[in-house]
Amino acid sequence: MLREKSLWEMLEERDVNVKRALLIMKGNEEAYKQFLAEFFEDPDFVKLGRAIGARETQKAFAYAHGLKGMSANLGLDGIYGKLDLLVEILRSAKLEGAQEIYDAVMEECDRIAELF
C-alpha cells in the first residue's frame, strides 16, 4: 500500500525549508501552518503589484522587502529568491524585469498555497 505524502513532504518538494522554519517556530507545527496560510493572503502582495503597475518604485520596494523577510522566516526559499531579485531591481529605482519577477512570485505562491 502506498503511503500518502505529508504536507511537510509536499512543501519540501516546492522548495520550502520546513525544517528551518519549524526551528524558528520552536517546533509549533500548527502555528507554522497558520503563518503560512496568512502569508499567502497578505494584502501586501496586491499592493506590491499595484505599486509596480503604477511605477512607484519606493512603495514597491518597501512591500517587496517586507515580504522577502517574511518568506525567509517561513522557509519559503523559492519565493525568497525571487523576492530578493525583485528587491534588488527596485532598490535601484528601476522597473525593468520587475513585473515578470512579480508574476513569477505570484505563480510560486499559488503553487504552495494550493496545498492549504
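Quick summary incoming for the structure in this document. What you see is a predicted model; the values in this text were computed from it and never measured. (Residues numbered from 1 in each chain as written. Predicted model: local features only at pLDDT ≥ 70, side-chain atom pairs only at ≥ 80, totals over all residues. Heavy atoms only, no water.)

Below, the discussion takes up the overall build of the chain. Looking only at helices and strands, the chain has 7 helices and 0 strands in total. On C-alpha atoms alone, the chain measures out to a radius of gyration of 15 Å, which is about the 13 Å that the 2.2 N^0.38 rule sets for 116 residues. For the chain, the spread of C-alpha atoms along the principal axes amounts to about 55 × 30 × 20 Å. Looking at the chain as a whole, 38% of its 116 residues are labelled buried. A fraction of 61% describes how many contacts in the chain between residues 6 or more apart in sequence connect residues 24 or more apart. Of the roughly 7,000 Å² of accessible surface on the chain, a fraction of 52% belongs to carbon and sulfur atoms. (Helix = DSSP H or I, 4+ residues; strand = E, 2+ residues; numbered from the N terminus. Rg over C-alpha atoms; globule rule 2.2 N^0.38 Å. Buried < 20%, exposed > 50% of the residue type's maximum accessible area, 1.4 Å probe, protein only. Contact = heavy atoms within 4.5 Å. Areas by Shrake-Rupley, 256 points an atom, 1.4 Å probe, with all protein chains shown as cover.)

So, about a negative patch on the surface. A grouping of Glu96, Glu100, Asp103, Glu107 and Asp110 is seen on the molecular surface, where their side chains present a negatively charged patch. Of note, aspartate 103 is situated in helix H7 (residues 98-113). Residue classification places aspartate 103 among the partly exposed positions, given a relative accessible area of 33%. (Patch = residues over 30% accessible without salt bridge, like charges linked within 9 Å, V, L, I, M, F, W, Y side chains within 5 Å. Salt bridge = Lys/Arg side-chain N within 4 Å of Asp/Glu carboxyl O. Lys, Arg positive; Asp, Glu negative; His and termini not counted. Charge placed at Lys NZ, Arg CZ, Asp CG, Glu CD.)

Glancing now at the packing of helix H4 (residues 44-53) against H7. Running from amino to carboxyl end, H4 crosses H7 at an angle of 160°, the nearest separation of the two axes being 10 Å. As summarised for this structure, H4 and H7 are arranged roughly antiparallel, according to the angle between their axes. Of the two possible hands of crossing, H4 and H7 adopt the one that is left-handed. Two secondary-structure elements touch here, H4 through Phe45, Val46, Leu48, Gly49 and Ile52 and H7 through Ala98, Gln99, Tyr102, Val105, Met106 and Cys109. For the contact of H4 with H7, a count of residues per class yields 9 nonpolar, 2 polar and no charged. (Axes fitted to C-alpha atoms, helices over the stretch in contact; angles between N-to-C directions. Parallel < 35°, antiparallel > 145°, perpendicular 65-115°, else oblique. Left-handed = near helix turned anticlockwise from the far one by under 90°. Nonpolar A, V, L, I, M, F, W, Y, C, P; charged D, E, K, R; others polar.)

Before going further, it helps to spend a moment on the pattern of salt bridges. Per the counting criterion, the structure on display carries 8 salt bridges. One salt bridge in this structure joins lysine 59 and glutamate 56, with 3.9 Å as the shortest N-O distance. Since its relative accessible area comes to 35%, glutamate 56 is described here as partly exposed. The salt bridge involving arginine 91 is made with glutamate 88; its shortest N-O contact spans 3.1 Å. Of this pair, arginine 91 and glutamate 88 both sit in helix H6 (residues 77-91), 3 residues apart, which is roughly one turn of the helix. According to the relative accessible area criterion, arginine 91 is partly exposed, its value standing at 46%.

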